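Each chain, written out:
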Amino acid sequence: MFDIPCVIFAGGKSSRMGEDKALLPFASYKTLTEYQYTRLSKFFTNVYISCKNSKNFDFSAQFIEDNKAVKLFAPTAGFLAAFKTLNTDAFFALSVDAPFVDEIIISKLIHADDPAVDATIARTPEGLQPLCGIYHRSLENEFQKMLEEENHKLGYLLKNAHTNTITFHDTTPFLNMNHPDDYKKALQLLKTSNY
Ligand SMILES: Nc1nc2c(ncn2[C@@H]2O[C@H](COP(=O)(O)OP(=O)(O)OP(=O)(O)O)[C@@H](O)[C@H]2O)c(=O)[nH]1
Ligand SMILES: [Mg+2]
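Residues numbered from 1 in each chain as written. Chains lettered and ligands numbered in written order. Predicted model: local features only at pLDDT ≥ 70, side-chain atom pairs only at ≥ 80, totals over all residues. Heavy atoms only, no water.

J.: Any chance you could break down the side chain of arginine 39 for me, citing the residues and the numbers?
T.: With respect to the secondary-structure elements, arginine 39 resides in helix α1 (residues 32–40). Of the side chains with opposite charge, aspartate 102 lies nearest to the buried arginine 39, which makes no salt bridge, at 7.1 Å. At a separation of 2.6 Å, a polar atom in the side chain of arginine 39 contacts the side chain of glutamine 36. (Helix = DSSP H or I, 4+ residues; strand = E, 2+ residues; numbered from the N terminus. Buried < 20%, exposed > 50% of the residue type's maximum accessible area, 1.4 Å probe, protein only. Lys, Arg positive; Asp, Glu negative; His and termini not counted. Salt bridge = Lys/Arg side-chain N within 4 Å of Asp/Glu carboxyl O. Polar contact = N/O pair within 3.5 Å; in protein donor to acceptor, adjacent residues only side chain to side chain.)

J.: Hey, could you go over the UniProt feature "binding site: GTP" (unreviewed entry) in the protein for me, with residue numbers and the actual values?
T.: UniProt's feature table lists "binding site: GTP" (unreviewed entry) at Phe9, Ala10, Gly11, Lys21, Asp66 and Asp97, given in the numbering used throughout. With respect to the element layout, phenylalanine 9 can be found in strand β1 (residues 6–9). Beyond its immediate chain neighbours, meaning those up to four positions away, phenylalanine 9 contacts Ser50, Pro75, Gly78, Phe79, Phe91, Ala93, Leu94, Ser95, Val96 and Leu131. Along the chain, glycine 11 falls in the loop between β1 and α1. Discounting chain neighbours no more than four positions away, the residues touching glycine 11 are Ser50, Cys51, Lys52 and Phe73. (UniProt positions renumbered as here; feature names shortened; annotations may be inferred. Contact = heavy atoms within 4.5 Å.)

J.: Describe helix α3 (residues 103–112), with residues and values.
T.: Those residues of α3 that fall on the buried side of the exposure criterion are Ile105, Ile106, Leu109 and Ile110. Projected down its long axis, α3 carries its buried residues within an arc of 130 degrees, all on one side. Set apart from the buried face of α3 by more than 90 degrees, the exposed residues are Ile104 and His111. Along its buried surface, α3 packs onto α1, β4 (90–95), β5 (119–124), β6 (127–136) and β7 (163–167). Where α3 begins, the side chain of aspartate 102 points an oxygen toward the backbone nitrogen of isoleucine 104, at a separation of 3.2 Å. (Arc of directions from axis to C-beta.)

J.: Give a detailed account of the pattern of salt bridges, specifying residues and quantitative values.
T.: If the charged atoms of two oppositely charged side chains come close together, the side chains can form a pair. Under the definition given, this model contains eight salt bridges. Notably, a salt bridge pairs lysine 30 with aspartate 58, separated by 2.4 Å at the nearest N-O pair. Of this pair, lysine 30 sits in the loop between β1 and α1 while aspartate 58 sits in the loop between β2 (47–51) and β3 (62–65), and the two are 28 residues apart along the sequence. By relative accessible area, lysine 30 is classed as exposed at 56%.

J.: Which residues make up the site of ligand 1, and what values go with them?
T.: As a matter of local geometry, ligand 1 sits amid 23 residues, with Phe9, Ser15, Arg16, Ser50 and Asp66 nearest to it. The separation between a nitrogen atom of ligand 1 and a polar side-chain atom of serine 50 is 2.7 Å. Here a nitrogen atom of ligand 1 and a side-chain polar atom of aspartate 66 are 2.7 Å apart. Of all the secondary structure elements, the ones that give two or more residues to the shell around ligand 1 are β2 and α2 (75–85). When grouped by side-chain class, the residues that make up the shell around ligand 1 number nine nonpolar, eight polar and six charged. (Near = heavy atom within 4 Å. Nonpolar A, V, L, I, M, F, W, Y, C, P; charged D, E, K, R; others polar.)

Given below as structure tokens:
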């Protein structure tokens, strides 16, 4: 089991999906969020769900709600709330819409992490995967600045920080669902793979 907390980011607008992707049915689960929570709870001692409102979910879990005073749709809000709630130096962040990021990938990231860096993040041939990696508290003030400066690009933050990137050559497990077509692809992948 991994001792570092895991935070599933599930508070987005899903504007490209057209409906809340965190609530889409997945595998035998009522929602993608519950699917992710259940499978990640097998590897992590503590799993949290970063969201706007825990009432959107009908299963019990540890929820971290964004500050309601922050009228913003961007992971920045979730990162700030997570740092405020957790008392650890770091946490593993994963987007709710990436259900195929497996234990081997997570283990590689956790083992490659180092307290001296700001972040340890997955990279694929398609580029950096900012919502798959470990973030350290040394970035908390930077997230606060992002909020104040209204610049929510995680890529920009990571480029200017001490970021350790770990390359994975197979992009399949990093499939993330932005559009309805990606959801269809993910459902297909569930059927044809061991995931
Ligand atoms: N807690 C929290 N998570 C967020 C917020 N905005 C985005 N996220 C999460 O960050 C992850 C990556 O964001 P996107 O893939 O762009 O998802 P999205 O923002 O819901 O979708 P689009 O509106 O289509 O961009 C998703 O898992 C979202 O749930 C937010 O304001 N709060
Ligand atoms: Mg978005």
